[in-house]
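The primary structure of each chain is shown beneath.
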Amino acid sequence: MEPTVFGALVTVAGLFLLRKPVEWTFVLMIVCTEFGAASALNLPMLGGSSIQPDNLALGFVLLRLLISARNRFSDWLFVVEDNLWLVCFCLYTAVTAYILPRLFQGQMLVVPLRNTSSAGAWTPPSPLRFTPQNITTSVYLIGTVMVALAGSLIARTRTHAAMTLVGALLAVGWLHVAFGLIDLGLAAIGHQNLLDVFRNGNYAQVNQGVSGFRRISGVFTETSSYSHYGLVFFVFASELWLRAILVRWSGALSLALLVMLLMTTSSTAYLGLALYAAVFAFRLIFIPGGTRPSAVLGAGAVSIAAVVAVVGVAALHPAMAAKIGAVIQDMTFNKAASLSAKERAQWAAQGLHAFSLSRGLGVGAGSFRSSSFLTAILGSSGVIGLAAMTFYLLQLLKPLRPSTYRASVDGLAGAGAAAGWAAAIGLGPLMFIGASPDPGLLFGLFAGLSMGWRSLRPAPSVGRPAPDWRQATALEGA
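Residues numbered from 1 in each chain as written. Predicted model: local features only at pLDDT ≥ 70, side-chain atom pairs only at ≥ 80, totals over all residues. Heavy atoms only, no water.

*Asks:* So what exactly am I meant to see when it comes to the packing of aromatic side chains here?
*Replies:* We describe a pair of aromatic rings using the distance from one ring centre to the other and the angle between the two ring planes. Counting across every chain of the model gives 15 aromatic pairs. Note on phenylalanine 282 and phenylalanine 286: the rings are 5.3 Å apart at their centroids and 40° apart in plane angle, and the pair reads as tilted. Separated by 4 residues within a single helix, phenylalanine 282 and phenylalanine 286 lie in helix α10 (residues 267-286), roughly one turn from each other. Residue phenylalanine 282 is classed as partly exposed on the basis of its relative accessible area, which comes to 41%. For phenylalanine 286, a relative accessible area of 57% translates into the label exposed. Pairwise contacts between aromatic rings join Phe220, Tyr226, Tyr229, Phe233, Phe236 and Phe446 into one cluster. The ring of phenylalanine 130 carries arginine 102 above its face, with NZ or CZ at 4.0 Å from the centroid. (Phe/Tyr/Trp six-rings, centres within 6.5 Å; stacked < 30°, edge-to-face > 60°. Helix = DSSP H or I, 4+ residues; strand = E, 2+ residues; numbered from the N terminus. Buried < 20%, exposed > 50% of the residue type's maximum accessible area, 1.4 Å probe, protein only. Lys NZ or Arg CZ within 6 Å of the ring centre and 35° of its normal.)

*Asks:* In this structure, what is going on with the pattern of salt bridges? I would like to understand it.
*Replies:* A side chain of one charge can pair with a side chain of the opposite charge when the charged atoms of the two come close. A full pass over the atoms with the stated rule returns 5 salt bridges. Aspartate 196 is the salt-bridge partner of arginine 199, the closest N and O atoms lying 2.5 Å from each other. On the basis of relative accessibility, which here comes to 35%, the residue aspartate 196 falls in the partly exposed class. Where arginine 243 meets glutamate 239, a salt bridge forms, and the shortest distance between an N and an O atom there is 2.3 Å. Each member of the pair, arginine 243 together with glutamate 239, is buried. Each of the salt bridges in this network shares a partner with another, and the network as a whole consists of Glu239, Arg243 and Arg283. (Salt bridge = Lys/Arg side-chain N within 4 Å of Asp/Glu carboxyl O.)

*Asks:* What exactly am I supposed to notice about the sheet that holds strand β1 (residues 2-3) here?
*Replies:* Backbone-to-backbone hydrogen bonds join strands into a sheet, with any given pair of strands oriented parallel or antiparallel. If you trace the 3 strands from one edge of the open sheet to the other, you get β1-β2-β3, paired in antiparallel fashion. Pairing within the sheet leaves two strands with one partner each, and these edge strands are β1 and β3 (49-51). In this sheet, strand β2 (residues 41-43) lies alongside β1 in antiparallel orientation, the contact comprising 2 bridges. Bridge pairing links proline 3 to leucine 41 in β2. (Pairing = 2+ DSSP bridges.)

*Asks:* Explain the packing of helix α15 (residues 411-433) against helix α16 (residues 441-453) here, please?
*Replies:* How two helices sit against one another is set out by the angle between their axes and by the gap between those axes. Contact pair α15 / α16: the axes reach a minimum separation of 8 Å and the direction vectors enclose 150°. Looking at the two axes, α15 sits roughly antiparallel to α16. The handedness of the crossing between α15 and α16 is left-handed. When α15 is examined against α16, the residues Leu412, Ala413, Ala415, Gly416, Ala419, Gly420, Ala422, Ala423 and Leu427 are found in contact with a partner set consisting of Phe443, Phe446, Ala447, Ser450 and Trp453. Of the residues belonging to the contact of α15 with α16, the class tally is 11 nonpolar, 3 polar and no charged. (Axes fitted to C-alpha atoms, helices over the stretch in contact; angles between N-to-C directions. Parallel < 35°, antiparallel > 145°, perpendicular 65-115°, else oblique. Left-handed = near helix turned anticlockwise from the far one by under 90°. Contact = heavy atoms within 4.5 Å. Nonpolar A, V, L, I, M, F, W, Y, C, P; charged D, E, K, R; others polar.)

These figures capture arrangement, not role.
Shown next, in the form of C-alpha cells:
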C-alpha cells in the first residue's frame, strides 16, 4: 500500500474532524467525491488498483459514527430497513465476485474491467477467471452501501444538520463548475496539463479534443465522467429550486451546471438532460402542483434565451454555428456509427452472453467490462441482482407518494425528494456507459440522504428540531 499526497491530506482532515460533529466528516467525503481521478492510496499488489479520496474519507465517516454516543443500535436497524434492497443488492453482488468467476472459469472470453494494455487499445479478450478486479469491485460495492447507510443515519438522527449537508452539496456543485471553467481557461493558454496534479490515479486519460473544440473534463479523466457528476448535482439543484428551497443558490447553480453540461459536447450530458427534461415535462402536464408557476416562467425564460443565443450565433457567425452543429451531431446522432460505439456495444453484449451462459445467475462482479449498467448487473449477479436493484429504485423514488412530484413540499421532505431524483436520474446515462454493476459512491450518497430525510418514522435519538429553511416539515410528514 502506497499513500499519496491526497491520502495524507484526507487522513489529516479526517483525524481532525473526529472531534467535530459527525456531519462535518460527511461533508469532507462530499468534497472528496469531486476528485474522482485522484488516488489516496495505491495498491500495487492488486494490479495497480487504488483507493480514491472519497472512499478513504468514508472510512473516517464510519469511524466517527461508531465512536458517537448518540447513535443507538435501533438507529442502525432503521436505516438498514430503509435501504434493505440496496443492502441485499450490494452484499449479494459482492459475494458473487468471489464465487461465480471460479464456478464458470474458462467458459467464455471476456474483456477485463481494467485495461492493462500500454498501446492505447483495450486489452483483448481472455478466458474468464478470478482477477484482482473482482476484489476491487466487491470493495466498491460495500463502499456504496455503507455510504448510503451512513447518509441515512446522519439524515435521520441529525435533522438540524440538513442545512449544512445541503449547503455542502451546493458548494461542491459550484466547485465542479469552477474546475470546468479552469480547465477551459488553462486549455486556452496551452497549460491544461496543470490540472494533472489532481489525476494521480492509475486511470486511463482520454483525449479531450473533438473537431478543434476542447471538451471539458475538469479534474476528471474524461468528459463523460465530468458530465455524469455534473448531471447528478444539476438535478439536485434543480429539484431544490422547483421546491423553492434555497432558491437563489440552487437556481443559480442549476443554471450554471446546465450551461457547463451543454458546453461539454458529451453524449452522457445530453442523454441525462433529455431524461430529466422528460420527467419535468411529465410533471408539468400530468401532475397538479408538480411545478411552481414562477419555476415554469423561469424555465421558459431560460429556453427563450437559449434560442435567441443560438439564432444570434447562427446569424453573426455561420461558420462557427455550422461547426458547433457538426460536433453536436457527431456526439449524438452519429455516435452509434462510431468505432467507440461499436466497441461499447460489444462490451454490453458480454453481459448478455454471461447472463445466458450462467442461466441467469451471472459470472460475478468485476469479471468483465460492460458499457451498460443494466447488462453489467445481468452478467454479474443475474436475476437476483436485477430484482434487488429494481426494488430499491422503487423504494427510493416512492412513486406513489405525492412529495415525489409536488413542488409544494417543504423542508426535509423536499430535500429528500430532490436527492432521490438526483440519484435516480444519475443512473440514466449509466445504462449506456456503466462499466460495472456498482452504481457508485455518489449514488449511495444521494440515495442515503434521500431515504433518511424522507423516512416516515422519527428516529429515537433525534433530539433537535429540523432546520427552519422554508417552513421545514417534520419527518412524519415527509
